[in-house]
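One letter stands for each residue in the lines below.
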Amino acid sequence: MTDQNNSATRRSLLIGAAAGGLAAATAQAAPQALSMADLKKEGDVACLYHCDYGDNARFAQTLNNISNHYSAYGSDPFGLQLVIVAHSASVKYFLSTLEGTPWKDETIDPALFERATALAKNGLKVYLCEITFQRLKLDKTKVKDAPFISFVPSGVATVAALQSKGFAYLKVG
């Protein structure tokens, strides 16, 4: 092969790799998966909000409670670690579309997710149950792209694990 052919081949490979990388970067990926060992208490005060319900008003109330929780800590919301553990019907609040889900005929007010996103600026994390996604055959790539959302192996196991690590337990209802 000549040097000119080698250069052309290398250019083609680089262009192809760059285009492939761009395509991969624009495709939505599922949130990161955490193991049970990854779950840690990082704040002076830590609390988990257990969400296994699909009632919009109840989920809105959960977000109200979380907002009130942060407001009690004033200028130091980072001394407080809050987590939503979502399984069963509550995972729907974190999906980009309800098509192909048991909730396909429902409408969710987009303001609910906007409120969760605003609360995440104070440190709120959301842990979604992988077992729920498996049992309901939900596409994990349909989860909204947000850095505060992660998958955990099991919602109920995560609730228990967080409690054993010093998290207080709250359930709205």
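Procedures and definitions
Residues numbered from 1 in each chain as written. Predicted model: local features only at pLDDT ≥ 70, side-chain atom pairs only at ≥ 80, totals over all residues. Heavy atoms only, no water. Buried < 20%, exposed > 50% of the residue type's maximum accessible area, 1.4 Å probe, protein only. Helix = DSSP H or I, 4+ residues; strand = E, 2+ residues; numbered from the N terminus. Arc of directions from axis to C-beta. Polar contact = N/O pair within 3.5 Å; in protein donor to acceptor, adjacent residues only side chain to side chain. Phe/Tyr/Trp six-rings, centres within 6.5 Å; stacked < 30°, edge-to-face > 60°. Contact = heavy atoms within 4.5 Å. Core = buried A, V, L, I, M, F, W, Y, C linked by side-chain atoms within 4.5 Å.

1. Some remarks on helix α3 (residues 110–120)
Point 1. Taken together, the buried positions of α3 are L112, F113, A116, L119 and A120. All buried residues of α3 fall inside an arc of 120 degrees around its axis, so they share one side. Seen from the buried face of α3, the exposed residues on the opposite side, beyond 90 degrees, are P110 and E114.
Point 2. Of the residues that open α3, the one with a side-chain oxygen 2.9 Å from the backbone nitrogen of A111 is D109.

2. Observations regarding the packing of aromatic side chains
Point 1. Using the criterion set out here, one finds 5 aromatic pairs in the structure.
Point 2. Ring centres of F94 and F113 lie 6.4 Å apart, and the angle between their planes is 75 degrees; on these two criteria the pair is classed as edge-to-face. Here F94 is found in the loop between β2 (80–86) and α3, whereas its partner F113 is found in helix α3, with 19 residues between them in sequence.
Point 3. Judged by relative accessible area, which is 0%, F94 ranks as buried.
Point 4. Ring geometry for F113 against F148: centres 5.9 Å apart, planes inclined by 25 degrees, an arrangement best described as stacked. Here the residue F113 occupies a position in helix α3, and F148 occupies one in the loop between α4 (130–135) and β4 (149–152), the gap between them amounting to 35 residues.

3. Details of unusual backbone geometry
Point 1. The residue S88 is not glycine, and still its phi comes out positive at about 55 degrees.
Point 2. Relative to the helices and strands, S88 is located in the loop between β2 and α3.
Point 3. Overall, S88 belongs to the partly exposed group, its relative accessible area being 35%.
Point 4. The phi angle at K137 is positive, at roughly 55 degrees, despite the residue not being glycine.
Point 5. Secondary-structure assignment places K137 in the loop between α4 and β4.
Point 6. On the basis of relative accessibility, which here comes to 71%, the residue K137 falls in the exposed class.

4. Comments concerning the side chain of Q81
Point 1. Structurally, Q81 is set in strand β2.
Point 2. Contact partners of Q81, with chain neighbours within four places excluded, come to K40, K41, E42, G43, V45, A46, C47 and F167.

5. Side note on the side chain of S90
Point 1. Structurally, the position occupied by S90 is in the loop between β2 and α3.
Point 2. A polar atom in the side chain of S90 sits 2.6 Å from the backbone oxygen of C51.
Point 3. Setting aside anything within four residues of it in sequence, one finds S90 in contact with C51, D52 and Y53.

6. Some remarks on the nonpolar core
Point 1. Residues I84, F94, L128 and I149 are the most contacted members of the largest nonpolar core, which totals 36 residues.
Point 2. Elements with a minimum of two residues in this core: β1 (45–51), α2 (56–71), β2, α3, β3 (125–129) and β4.
Point 3. Among residues more than four places away in sequence, those in contact with I149 are P31, Q32, F94, F113, V126, L128, V143 and K144.
Point 4. Counting 12 residues, the second largest nonpolar core, distinct from the first, contains A46, L48, V85 and V159.

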